[in-house]
Amino acid sequence: MARSAPKIAPAGAPEPAPGRAAEPAANEQISLPRPDYEAVDVLVVRESEQLRALGDDLRAKIVVLLRERAASTTELAEKLALPKGTVGHHVKVLEKAGLIRVVRTRKVRALTEKYYGRTARLFLFKSSDDADGEGVRDVAAASLRTAAEEMLPSVDDDRTTFAVLRLRLTDHDADRFVRRLERLTREFRAADTPTGEPYGLAVSLYRRAPDA
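The present account deals with the structure reproduced in this document. (Residues numbered from 1 in each chain as written. Predicted model: local features only at pLDDT ≥ 70, side-chain atom pairs only at ≥ 80, totals over all residues. Heavy atoms only, no water.)

### What to know about the sheet that holds strand S5 (residues 111-118)
Pairing in this open sheet of 3 strands is antiparallel, and the strands run S3-S5-S4 from one edge to the other. Bordering the open sheet on either side are strand S3 (71-72) and strand S4 (100-108), each of which pairs with just one other strand. Pairing between S3 and S5: 2 bridges, direction antiparallel. When the sheet's bridge partners are listed, Ser72 is paired in S5 with Tyr115. (Pairing = 2+ DSSP bridges. Helix = DSSP H or I, 4+ residues; strand = E, 2+ residues; numbered from the N terminus.)

Here's what the structure looks like:
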């Protein structure tokens, strides 16, 4: 059986929860952005095709753009400043993987324009025997690159902080930090408010290669 891959909760991307116990606890209430279309609350993303789809930077950005509002291929192309044909190809990849779907249509002259939305408001990423952890790592990399692009330059209030630490932990301490990071991400989601300023939180605890 494949070992569980690292979990990451990227800033502004499809908010995966870190740690092995990624699913919300029983009776736990989590505030999530309500999109302007119907979608289930949670989708566990574990299939190789799904992980490959989200491991691409452009497709990761498309999923982020659809987080709160459905959009047509034309609108997505305008926001991304890319040709409509290029964006349309990546939209089809996401649709085939079951990560986005057509949520409504609109008549534009003689054509029917499709509007796409996510299949779930929250994606939880898990490895599978087929994916062997590689797909989750690609998703993590794409999500972190997206977070870096979103990050504003440092401001006077010092609310932007970033650190990468590499050290050795016992199994007991690794489990302890996983639980603490899970609590942090739950508190971060619960603090979401429509009147607040936009922030992102990128969280990852991962096993690294001994020589890394």
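### Considerations on the pattern of salt bridges
This structure, assessed with the given rule, holds 7 salt bridges. Lys92 is the salt-bridge partner of Glu95, the closest N and O atoms lying 3.5 Å from each other. Here Glu95 and its partner Lys92 are both found in helix H4 (residues 84-96), 3 residues apart, which amounts to about one turn of the helix. For Lys92, a relative accessible area of 43% gives the class partly exposed. (Salt bridge = Lys/Arg side-chain N within 4 Å of Asp/Glu carboxyl O. Buried < 20%, exposed > 50% of the residue type's maximum accessible area, 1.4 Å probe, protein only.)

### What about the layout of surface pockets?
The space that makes up the second largest pocket amounts to roughly 180 Å³. If you go around the second largest pocket, the residues you meet are Ser72, Thr73, Thr74, Lys84, Lys92, Val108, Leu111, Thr112, Glu113, Lys114 and Tyr116. Mapped onto the lining of the second largest pocket, the elements with two or more residues apiece are helix H3 (73-80), H4 and S5. Take the lining of the second largest pocket: its biggest share by element is 5 residues, from S5. Considered class by class, the residues forming the lining of the second largest pocket number 3 nonpolar, 4 polar and 4 charged. (1 Å grid on protein atoms, 1.4 Å probe; cavity = no way out; pocket = protein on both sides within 12 Å on 5 of 7 lines; lining within 4 Å. Points joined across faces, edges and corners; volume = space filled by probe spheres on them. Nonpolar A, V, L, I, M, F, W, Y, C, P; charged D, E, K, R; others polar.)

### Regarding the pairing of S4
As defined by bridge partners, S4 adjoins S5 across 8 bridges and the pair is classed as antiparallel. Within S5, the residue paired with Lys107 across the bridge is Thr112. In sequence, S4 turns back onto S5 through a hairpin of 2 residues, with Arg109 there showing a positive phi of about 55°.

By themselves, these observations are geometric and do not establish any function.
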